[in-house]
Amino acid sequence: VSSLTLAVPSGRLLADAVRLLRAAGYRGPEGEDRSLVWLWDELTVIVAKPVDLLTYVERGAADCGVVGKDILLEQAHEVYELVDLGFGFCRGVVALPRERRALWDNPRQHLRIATKYPRVAERFFWEQGRPVEIVELYGSVELAPRVGLSDGILDLVMTGATLQANGLVEVAEVFRSTARLVVNPVSLRTHSDAVSELVRRLSRAREAVR
Amino acid sequence: VPLALSLCLGWARGGSLRNLLAADLRAPWIPLLALGLQLAIFEPTGPLPFLRGRELAVHVASYVVLGAFLWANRHLPGVWLVALGFACNAAAILANGGLMPASVEALRAAGVAGARLGLGHAAFLRALLDGAGLEEEDRRAAQAALYRKDFVTLSSLLEGVSPDIRRTLLDLPSLRGPDALPRARALGVAEAAVDDLSRVLEALAPYGVEEEVEVDLGVIRDFDYYTGVVLEAYAPGSGAPLLGGGRYDQLLERFGSARPAVGFAVDVERVLAACHRVPTPPRVLEVVYEPPAREQALRWVRRARAAGLQVAAGPASRGASRPGLCFRGDGVWWVDGTSERPLGPDALEALLGGRTP
């Protein structure tokens, strides 16, 4: 029996991803595991940084992966996106400092936007026909407008608490994101039985969790 | 195809072949010499007698003189481009032991084990999308999602579409193998594309590649470029397709000469990587014996090794793990898994010649 390698993202999606795998009947040792490779009964689970995860799957180091739609929108990779796993809901929004939110009302206003999603931002502003300069950052994006690095941000929000704490207000929604199951195109063909089984079990478990 | 394309392109830009005469070509006899050398070793009836055993040296020599020719003509515009192509070509051919990996057979010869070629059809996918009867904007979004292989978005766009078409589109990632074509035909859309694929399979039958070539309607390539059959090759151990291509009948028309065309590109680096990762199983013949037949067995093993066979020999109590010979008091047996059959003296002699019974 060929066993699949599944990449799961470290960070906010990890706990839910593991919960869904267990709900789908995949078994592995319980408890804290600091190793980045887990040998489960039917799966080898590897824990990858979310931004790197698609690289593992595209190059075949992992057969399948669990990844947020936000990453799929930002990075262009040759993988099959097969299942909406339903968890990890969040939205990508443009936010401006509360006292300068009126800037958004003028579509010709040139804005500097700090973001971890430069391509998504570029596409969104281009489609809206708004002039923009993108400042690419790797984290703590909310800091940028506070210190004058940018006029606003494009970032993920879950509750909105971080925006509020930094004096920012949402002015536009760019995308909605949940976790997705992605598959390497070659694994889809060389391990088709195991992949279909994974798709079936995860889809059923997702329905049960709902 | 590339030659025709470049001729068309040159013609479309107002060029003329006559200008070639004006070019200051140095040492024009060299390419003829190289061609002669290559013909001498790649003659259909085999290399000329006095070159036998020296094919590699002659092949390399032909490349060396061609390189010299390019160097002598480095003053001509565009020669650097030719040189680049020449270098890639030479590298690919050298790295593959004198073969250009151009088909399933070549992939096999290059040592890529378990490579499979999937055949899809661009017009089939387009007909499915048309058959879904979507509004123009949704139709475009659905095609884009399909191209991105984003089946989650595709699924939401196909809410309310005829169930047959919806299911076929969403099943594309697994729509391959022997059932794929009958399933596609049963849909009743895109019959021309389905016929196309059956004709390709028929044409391929005499080549004996049915193990490696299969219909794979989940092969999705650029919709604006390809018009008919599309193909991709996969091998275990390589995360991405080793080659890809298809039919693009409307491309040359844009260059002023409407004619059909087929082509594919090989990712040589991936082919090499796939070769390295596939272990070639050693061809070892296993021989076991029971005490009464020990001497007979070891005598035969000595002869087999002298004949160049790799043989692992040992007492029968060890049990054979792979197909092999068992020498017993009641004769010699060929054992393969749980089945065994007796071997006569002739079959034993044939084995020495490297033939398996």
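These figures come from a predicted structure and were not determined experimentally.

**Some words on the overall build of chain B**
When you go through chain B residue by residue, the secondary structure sums to 15 helices and 10 strands. Buried residues in chain B amount to 38% of all 357 residues. For chain B, contacts bridging at least 24 residues in sequence account for 58% of all contacts bridging at least 6.

**Notes on the side chain of Ser257 of chain B**
All names here are of chain B. Topologically, Ser257 is positioned in the loop between strand S4 (243-247) and strand S5 (262-266). Side chain to side chain, Ser257 and Arg259 meet in a polar contact 2.7 Å long. Discounting chain neighbours no more than four positions away, the residues touching Ser257 are Cys8 and Leu252.

**Thoughts on the nonpolar core**
If you look at the biggest cluster of nonpolar residues, it comprises 71 residues, and the most contacted ones within it are Leu6, Leu85 and Leu181 of chain A together with Phe124, Leu146, Leu169 and Leu217 of chain B. For Leu146 of chain B, the contacting residues outside a window of four places in its chain are Leu125, Leu129, Phe151, Leu154, Leu169, Leu172, Ile220 and Phe223 of chain B.

**Side note on helix H14 (residues 294-306) of chain B**
Residue and element names in this part refer to chain B. For H14, built from 13 residues, the straight-helix expectation of 18 Å at 1.5 Å per residue is met to within 8% by its first-to-last C-alpha distance of 18 Å. For H14, the full list of buried residues reads Ala297, Trp300, Val301 and Ala304. The buried residues of H14 occupy an angular sector of 105 degrees when the element is viewed end-on, so they sit on one face. What points out from H14, more than 90 degrees from its buried face, is the exposed set Glu295, Arg302 and Ala306. Against strand S6 (284-289), strand S7 (310-315), strand S8 (324-328) and helix H15 (345-352) lie the buried residues of H14. Immediately beyond the C-terminal end of H14, within one or two residues, lies Gly308, with a positive phi of roughly 100 degrees.

**Some points on the interface of chain A and chain B**
Taken together, the contact pairs 19 residues of chain A with 18 residues of chain B. Summed over both sides, the interface of chain A with chain B buries roughly 1400 Å², with 55% coming from carbon and sulfur. The three residues of chain A that bury the most area against chain B are Tyr80, Val186 and Arg189 of chain A, which together make up 44% of that side's buried surface. For the interface between chain A and chain B, the tally reads 3 salt bridges.

**Thoughts on the sheet that holds strand S3 (residues 229-234) of chain B**
Residue and element names in this part refer to chain B. The 5 strands lie next to each other as S2-S1-S3-S4-S5, forming an open sheet whose pairing is mixed. For this open sheet the edge positions go to strand S2 (213-215) and S5, each flanked by a neighbour on one side alone. Direction aside, neighbouring strands of the sheet carry axes that sit 20 degrees apart on average. Bridge count for S3 against S4 is 4 bridges, and the pairing is antiparallel. The residue of S4 that forms the bridge with Glu232 is Gly244.

**Structural notes on the layout of surface pockets**
There is about 1200 Å³ of room inside the second largest pocket. Around the second largest pocket, the lining is made up of 46 residues, and of these Glu81 and Leu82 of chain A together with Asp150, Phe151 and Val152 of chain B lie nearest the centre. For the lining of the second largest pocket, the element with the most residues is helix H8 (residues 192-209) of chain A, which contributes 7 residues. For the lining of the second largest pocket, the per-class residue count stands at 17 nonpolar, 11 polar and 18 charged.

**A word on helix H8 (residues 136-148) of chain B**
Residues and elements named next belong to chain B. End to end, H8 covers 18 Å across 13 residues, agreeing with the expected 18 Å (1.5 Å per residue, within 8%). Buried residues of H8: Arg139, Ala142, Gln143, Ala145 and Leu146, and no others. Down the axis of H8, the buried side of the element spans an arc of 160 degrees, and every buried residue falls inside it. For H8, exposure combined with an orientation more than 90 degrees from the buried face picks out Glu136, Glu137 and Arg140. The positive-phi residue at the C-terminal boundary of H8 is Lys149, with phi of around 60 degrees.

**Section: the sheet that holds strand S1 (residues 4-9) of chain A**
Residues and elements named next belong to chain A. Strand order across the open sheet formed by 6 strands is S2-S3-S1-S4-S11-S5, with mixed pairing between neighbours. Taken across any chain shown, the strands that pair with only one partner, and hence form the sheet edges, are strand S2 (37-39) and strand S5 (80-84). Shown here is a sheet whose adjacent strand axes are inclined to one another by a mean of 25 degrees, direction ignored. Where S1 and strand S3 (residues 43-48) come together, 6 bridges link them in parallel fashion. Paired with Leu6 across the two strands is Val45, which belongs to S3. Across the face of the sheet, helix H1 (residues 14-23) comes into contact with S1, S2, S3 and strand S4 (64-68) while running at roughly 145 degrees to S1. Its contacts with the sheet place helix H2 (residues 50-58) against S1, S3, S4 and strand S11 (179-183), and it is angled at close to 150 degrees to S4.

**Concerning the packing of aromatic side chains**
Pairs of aromatic rings are described using the distance from one ring centre to the other and the angle between the two planes. One pass over the full model with this rule turns up 9 aromatic pairs over all chains. Taken together, a centroid distance of 5.9 Å and an interplanar angle of 85 degrees make the contact between Trp104 of chain A and Phe125 of chain A edge-to-face. Pair noted here: Trp104 of chain A is in the loop between strand S6 (90-97) and strand S7 (111-115) and Phe125 of chain A is in helix H4 (residues 118-128), with a separation of 21 residues, a long-range link. The exposure class of Phe125 of chain A is buried, given its relative accessible area of 0%. Seen in terms of ring centroids, Trp300 of chain B and Phe327 of chain B are 6.2 Å apart; in terms of plane orientation they differ by 45 degrees. Their pairing is tilted. With a gap of 27 residues between them, Trp300 of chain B in helix H14 and Phe327 of chain B in strand S8 connect regions that are remote in the sequence. For Phe327 of chain B, a relative accessible area of 1% gives the class buried. Here the aromatic residues Trp104, Phe124 and Phe125 of chain A are joined through ring pairs into a cluster of three or more. Positioned over the ring face of Tyr26 of chain A is Arg201 of chain A, at 3.9 Å from the centre of the ring. Lying over the aromatic face of Tyr80 of chain A, Lys149 of chain B brings its terminal NZ or CZ to 5.7 Å of the ring centre.

What counts and what doesn't
Residues numbered from 1 in each chain as written. Chains lettered and ligands numbered in written order. Predicted model: local features only at pLDDT ≥ 70, side-chain atom pairs only at ≥ 80, totals over all residues. Heavy atoms only, no water. Helix = DSSP H or I, 4+ residues; strand = E, 2+ residues; numbered from the N terminus. Buried < 20%, exposed > 50% of the residue type's maximum accessible area, 1.4 Å probe, protein only. Contact = heavy atoms within 4.5 Å. Polar contact = N/O pair within 3.5 Å; in protein donor to acceptor, adjacent residues only side chain to side chain. Core = buried A, V, L, I, M, F, W, Y, C linked by side-chain atoms within 4.5 Å. Expected span 1.5 Å × (residues − 1). Arc of directions from axis to C-beta. Buried area = accessible area lost by both parts, 1.4 Å probe. Salt bridge = Lys/Arg side-chain N within 4 Å of Asp/Glu carboxyl O. Pairing = 2+ DSSP bridges. Axes fitted to C-alpha atoms, helices over the stretch in contact; angles between N-to-C directions. 1 Å grid on protein atoms, 1.4 Å probe; cavity = no way out; pocket = protein on both sides within 12 Å on 5 of 7 lines; lining within 4 Å. Points joined across faces, edges and corners; volume = space filled by probe spheres on them. Nonpolar A, V, L, I, M, F, W, Y, C, P; charged D, E, K, R; others polar. Phe/Tyr/Trp six-rings, centres within 6.5 Å; stacked < 30°, edge-to-face > 60°. Lys NZ or Arg CZ within 6 Å of the ring centre and 35° of its normal.

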